[in-house]
Amino acid sequence: MKIEAITLREIQMPLVHFFETSFKRTFSRRILLLTVHCDGIDGWGECVAGEDPFYSSEWIESAWPTIKHYLAPAVLGRTLAAARECVPLMARVRGHHMAKAAVENALWDAEAKEKQVPLWKLLGGTLREISCGVSIGIQDSVEQLLDTIQIELTAGYRRIKVKVKPGWDVNVLERIRSRWPDIVLSCDANSAYTLDQLEHLRKFDQFNLLMIEQPLWHDDIYYHSQLQKELRTAICLDESIHHARDAAKALDISACRIINIKAGRVGGFTEAIKVHDACASRNIPVWCGGMLESGVGRAHNIALSTLPNFRLPGDVSASKRYWKEDIIEPEVEVTPQGTILIRDEPGTGYRVREDVIEKLTVRKEIFRAEK
Ligand code: OSB
Ligand code: MG
């Protein structure tokens, strides 16, 4: 496929309900979508960078110029036999994984469409149905959180993950466990603690959690290995895993027992598959994380989740939990058993609704190959 042009745009989508983590409350998303135009085929990608550099140092205002000045010029005009060939072309740029993933994943979508195969098969997937969990943000009150958990359990979701931070943790987990002693429950601290709080973190062990996600610093692996020795609860790393070497290092020093894979965080599908494989070879389960994606990124997460070592329910949930109207058709739906059935059409199996996207677009730029 010859990469003739790239369209970059920002759309704005209000969330159905605010989403609060230990670092921020988000009411509305600003989302970068990227389209690669190759021989009459359009591939779509979503840049999962946030509105602010809080989850990671990347944010949408760093991704835009990085794509415009470096990543798009590195691939425009090139003819690739496979999407993964874009990785070495963009390798001179250090970091900026979410910006790179937007380009690479759009190319995978184009490749799948060109080869007339489902994206999940192209990625090496095998699962025909994936397990879904939900990530529930910090609420205004514990009662509100319990009501939300009840709704998600009734919907069939197989794992409840709650966001925690100092002051909204042990007290909240106690209330959840006293109402539901047996549900599959985990928590995500988004780096809200330090090792000085070890005695406090030990209290999490009483709740029989599936895991505690990223308790310590966003850029740390080593001290998580010290913490893991002290806890019965499995640690899952999210923020601090940027590539397969990070995953191998974390597992070599027993810093965690589970890894969360986000294609954006590791720079695209190619590296996500490598992280998956590094974990599989050590018999460590992975699951697919989410970044409040629109349908474009959501469809990509679903495809990735079909790889065989995605053995735990992911943060891959229905469109309607986030959006009044999603930008794909059909919207992502979850069965009463808490699963998503994998579609067999070429590409993601979800059609991008360009008319809706056009209306949501607040800025757009098109980059073309030099003649
Ligand atoms: O840590 O997994 C995270 C959302 C934004 C930034 C970081 C995280 C999250 C989530 C949301 O937990 C998961 C989802 O998209 O449903
Ligand atoms: Mg997380």
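What comes next is a walk through the structure. Please read all numbers here as calculations on a predicted model, not as lab measurements.

Procedures and definitions
- Residues numbered from 1 in each chain as written.
- Chains lettered and ligands numbered in written order.
- Predicted model: local features only at pLDDT ≥ 70, side-chain atom pairs only at ≥ 80, totals over all residues.
- Heavy atoms only, no water.
- Donors = N, O, S within 2.8 Å, 3.2 Å for Na, K, Ca; no water.
- Helix = DSSP H or I, 4+ residues; strand = E, 2+ residues; numbered from the N terminus.
- Buried < 20%, exposed > 50% of the residue type's maximum accessible area, 1.4 Å probe, protein only.
- Near = heavy atom within 4 Å.
- Polar contact = N/O pair within 3.5 Å; in protein donor to acceptor, adjacent residues only side chain to side chain.
- Nonpolar A, V, L, I, M, F, W, Y, C, P; charged D, E, K, R; others polar.
- Phe/Tyr/Trp six-rings, centres within 6.5 Å; stacked < 30°, edge-to-face > 60°.
- Lys NZ or Arg CZ within 6 Å of the ring centre and 35° of its normal.
- Pairing = 2+ DSSP bridges.
- Right-handed = clockwise from strand over helix to strand, strands pointing away.

## Description of the coordination of the magnesium ion (ligand 2)
And then number 1: On the protein side, the magnesium ion (ligand 2) has Asp-188 (OD), Glu-213 (OE) and Asp-238 (OD) as donor atoms, found 2.1 to 2.3 Å from it.
And then number 2: In the primary sequence, the donor residues of the magnesium ion (ligand 2) line up as D-x24-E-x24-D. Here Asp-188 is found in strand β7 (residues 185–188), whereas its partner Glu-213 is found in strand β8 (residues 212–213), with 25 residues between them in sequence. Both residues of the pair, Asp-188 and Glu-213, count as buried.

## A closer look at the site of ligand 1
And then number 1: Within the structure, ligand 1 sits among 15 residues, and Ser-135, Lys-163, Asn-190, Leu-292 and Tyr-322 are positioned closest to it.
And then number 2: Lys-161 places a polar side-chain atom, nitrogen or oxygen, 3.3 Å from an oxygen atom of ligand 1.
And then number 3: Contact distances for ligand 1 include 3.3 Å between an oxygen atom and a backbone N or O atom of Met-291.
And then number 4: Classifying every residue of the shell around ligand 1 by side-chain character gives five nonpolar, three polar and seven charged.

## Topic: the packing of aromatic side chains
And then number 1: Per the counting criterion, the structure on display carries six aromatic pairs.
And then number 2: An aromatic cluster of at least three residues, connected via ring pairs, comprises Trp-217, Tyr-222 and Tyr-223.
And then number 3: When the ring centre of Tyr-350 is taken as origin, the NZ or CZ atom of Arg-343, which lies over that ring, is 5.5 Å away.
And then number 4: For the cation-ring pair, Arg-363 lies above Trp-64, with the distance from its terminal atom to the ring centre recorded as 4.1 Å.

## Considering the pairing of β7
And then number 1: By the alternation rule, side chains of β7 split into Leu-185 and Cys-187 and Ser-186 and Asp-188, which are all buried.
And then number 2: Summarising the sheet, strand β6 (residues 160–163) and β7 pair through four bridges and their orientation is parallel. For Val-162, the partnering residue across the bridge sits in β7 and is Cys-187.
And then number 3: This β-α-β element, β6 to helix α6 (residues 170–179) to β7, shows right-handed connectivity.
And then number 4: Pairing analysis gives two bridges linking β7 to β8, with the strands arranged parallel. If you follow Cys-187 over to β8, its bridge partner there is Ile-212.

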